[in-house]
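# Survey of secondary and tertiary structure
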Amino acid sequence: MLRINRGCLKNPNNRADSATMCSKAVSSLRKRKRAFLTLFLVPLLACAQERPNFLVIVADDVGYAELGPYGSEIETPALDAIAAEGLRFTSFYAQMNCSPSRAMLLSGTDSHLAGLGTIAANFVSPSQRGVPGYEGVLNNRVVTFAKLLQDNGYRSYMTGKWHLGVSPDTLPIARGFDRSFIQSAGGPANSHFNLNGPRPDATGAYFEDEIDMTGTPVADDFFSSNFYTDKLIQYMREDERQEAPFLAYLAFSAPHIPVQAPETHIDLYRDAYGDGYDILRERRLAKMIELGLLPEETELSRRPITVTPWDALSAEAKRLQARRMEIYAGAIDNMDDNIARVIDYLKGIAEYDNTVILFVSDNGAAGFFGWSEGAAGVAQVARADNSLE
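The notes below deal with the structure included here.

Tallying secondary structure elements over the chain gives 9 helices and 8 strands in all. In the chain, the proportion of contacts linking residues at least 24 apart, taken out of those at least 6 apart, comes to 71%. When the accessible area of the chain is evaluated, it comes to approximately 18,600 Å², of which 52% is carbon and sulfur surface.

A word on the pattern of salt bridges. Summed over the entire model, instances satisfying the criterion amount to 22 salt bridges. Ionic pairing is found between Arg 323 and Glu 326, a salt bridge with its closest N-O pair at 2.7 Å. Here Arg 323 pairs with Glu 326, and both are found in helix α8 (residues 315-348), just 3 residues apart, close to one helical turn. When salt bridges with common partners are traced through the structure, they connect Arg 179, Glu 208, Asp 209, Lys 231 and Glu 238 into a single cluster.

Attention shifts here to empty space enclosed by the protein. Evaluated as defined, the whole model comprises 2 cavities of 30 Å³ or more. Residue lining of the largest cavity: 10 residues in total, with Ser 101, Leu 105, Val 360, Ser 361 and Asp 362 positioned closest to the centre. It is helix α4 (residues 98-107) that provides the largest number of residues to the lining of the largest cavity, a total of 3 residues. Taken as a whole, the second largest cavity encloses approximately 30 Å³ of empty space. Of the residues assigned to the lining of the second largest cavity, the class counts are 3 nonpolar, 1 polar and 2 charged.

What follows deals with helix α7 (residues 277-290). Note: α-helices contain 3.6 residues per turn, so residues at a spacing of three or four share the same orientation. If you check α7, its first and last C-alpha atoms are 20 Å apart, about what 14 residues at 1.5 Å a residue would give, namely 20 Å. Regarding α7, the residues found buried are Asp 278, Leu 280, Arg 284, Leu 285 and Met 288. Within α7, the buried residues cover an arc of 160 degrees as seen down the axis, which keeps them to one side. Residues of α7 that are buried sit in contact with α8. A positive backbone phi angle near 80 degrees is found at Gly 292, which sits one or two residues after α7.

So, about the sheet that holds strand β7 (residues 246-251). Spatially, β1-β8-β2-β7-β3-β4-β5-β6 is the arrangement adopted by the 8 strands of the open sheet, whose pairing is mixed. The sheet is open, and its two borders are formed by β1 (2-3) and β6 (211-212), each paired with just one other strand. As defined by bridge partners, strand β4 (residues 179-183) adjoins strand β5 (residues 206-208) across 3 bridges and the pair is classed as antiparallel. Paired with Gln 183 across the strands is Tyr 206, a residue of β5.

The subject of this paragraph is helix α3 (residues 77-85). Among the residues of α3, those classed as buried are Ala 78, Leu 79, Ile 82 and Ala 83. Seen end-on, α3 carries its buried residues on one side only, within an arc spanning 135 degrees. Residues Pro 77 and Ala 84 are exposed on α3 and point more than 90 degrees away from its buried face.

Judged by nonpolar contacts, the single largest core of 52 residues is most densely connected at Leu 55, Leu 67, Met 236, Met 335, Ile 339 and Phe 359. Taken together, the elements giving at least two residues each to this core come down to β2 (53-59), α3, α6 (224-238), β7, α7, α8 and β8 (355-361). Of the residues forming this core, the biggest block, 11 residues, is contributed by α8. The contact partners of Phe 359, leaving out residues within four places of it in the chain, are Met 1, Ile 57, Ala 59, Leu 67, Leu 79, Met 335 and Ile 339. Of all hydrophobic cores here, the second largest spans 31 residues; its members include Leu 87, Leu 149, Tyr 249 and Leu 358.

Summarising the element assignment, Glu 263 is placed in the loop between β7 and α7. In this structure the C-alpha to C-alpha distance between Glu 263 and Phe 223, which are 40 residues apart in sequence, comes to 9.2 Å.

Residue position: Thr 76 is located in the loop between β2 and α3. Accessibility expressed as a relative area gives 1% for Thr 76, which makes it buried. Within the structure, Thr 76 has its side chain in polar contact with the backbone nitrogen of Gly 68 (distance 2.8 Å). Setting aside chain neighbours within four positions, we find Thr 76 in contact with Leu 67, Gly 68, Pro 69, Ile 332 and Asp 336.

Definitions and limits used
- Residues numbered from 1 in each chain as written.
- Predicted model: local features only at pLDDT ≥ 70, side-chain atom pairs only at ≥ 80, totals over all residues.
- Heavy atoms only, no water.
- Helix = DSSP H or I, 4+ residues; strand = E, 2+ residues; numbered from the N terminus.
- Contact = heavy atoms within 4.5 Å.
- Areas by Shrake-Rupley, 256 points an atom, 1.4 Å probe, with all protein chains shown as cover.
- Salt bridge = Lys/Arg side-chain N within 4 Å of Asp/Glu carboxyl O.
- 1 Å grid on protein atoms, 1.4 Å probe; cavity = no way out; pocket = protein on both sides within 12 Å on 5 of 7 lines; lining within 4 Å.
- Points joined across faces, edges and corners; volume = space filled by probe spheres on them.
- Nonpolar A, V, L, I, M, F, W, Y, C, P; charged D, E, K, R; others polar.
- Expected span 1.5 Å × (residues − 1).
- Buried < 20%, exposed > 50% of the residue type's maximum accessible area, 1.4 Å probe, protein only.
- Arc of directions from axis to C-beta.
- Pairing = 2+ DSSP bridges.
- Core = buried A, V, L, I, M, F, W, Y, C linked by side-chain atoms within 4.5 Å.
- Polar contact = N/O pair within 3.5 Å; in protein donor to acceptor, adjacent residues only side chain to side chain.

Following this line, the structure appears as structure tokens:
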């Protein structure tokens, strides 16, 4: 979803070339219904009355049918408001998983050119090892839009999931961000409730700027989405007196596995999914057709062969799957609440009307069994409270 306030497009000099540039930029977005920030950055900067701020929000493993603007039963009023004031993309392309999509977003290039032909260096095949495009980190053959903005006087902040490298030259601080607090890998090393690594002596899981923060003690009510939002607002607040515009990149980690939600949200959707995922798919498709997001003749895709029909599940398995979806929905609801906090902050400092907001997800819901298999996964599950209550 994209929100461009009309105030961002005012042309103080009434120059026809700049006005036409703006018109074409927005028209192109409406026609294509897909874009990355780098594609319309220059036209917006050229025609703005004052240089706009940019707020880029990335969700992790969230399909678009999970969001209110696309008809979901999950309540996302902040995203609803953004969509009502802007554009809903219905043919927006991401890569197949986390880091390739993020590399494309930040660089505006194909993920292979940026070094992420696959999700990470340890996932390459023998034929790809050592081949340009499969370095497994954001390489130096591309420039991030954060660096372009930073070089043009923008303040730049990033919090949340990075997943593009942990060496000093691949951290956000080296790729165009003035301040950052990141989760370095694809998912939280331990859980969404702490900043720990997978082992007590682990390092490299979390960084603030270039400082390793892995294992930092946290408050009892810590939750990743709340924390990354707190940090982003903190960074912006510390620089409020500066007149320079800003780029704020908020990359949530939840609801990426482990599927967890804070105490405030874990029971908001209690008993909402007892009818099962087969009926839920039908309801969501019908709602999207009703909203005009999909053609009337659209049919559901075939259920993946790895997914058991709901009616064939045992009563215990149904309770587990329903509870898992309740918590997943709670994490998305919490993400939206945190987006609302950022919006409220921007309104409070009178910057909301001069801020371009882009919301995307790196890919759809994860179609695998997560941490239920393998020695490391079994240990991860064993450490968690997986009770239905």
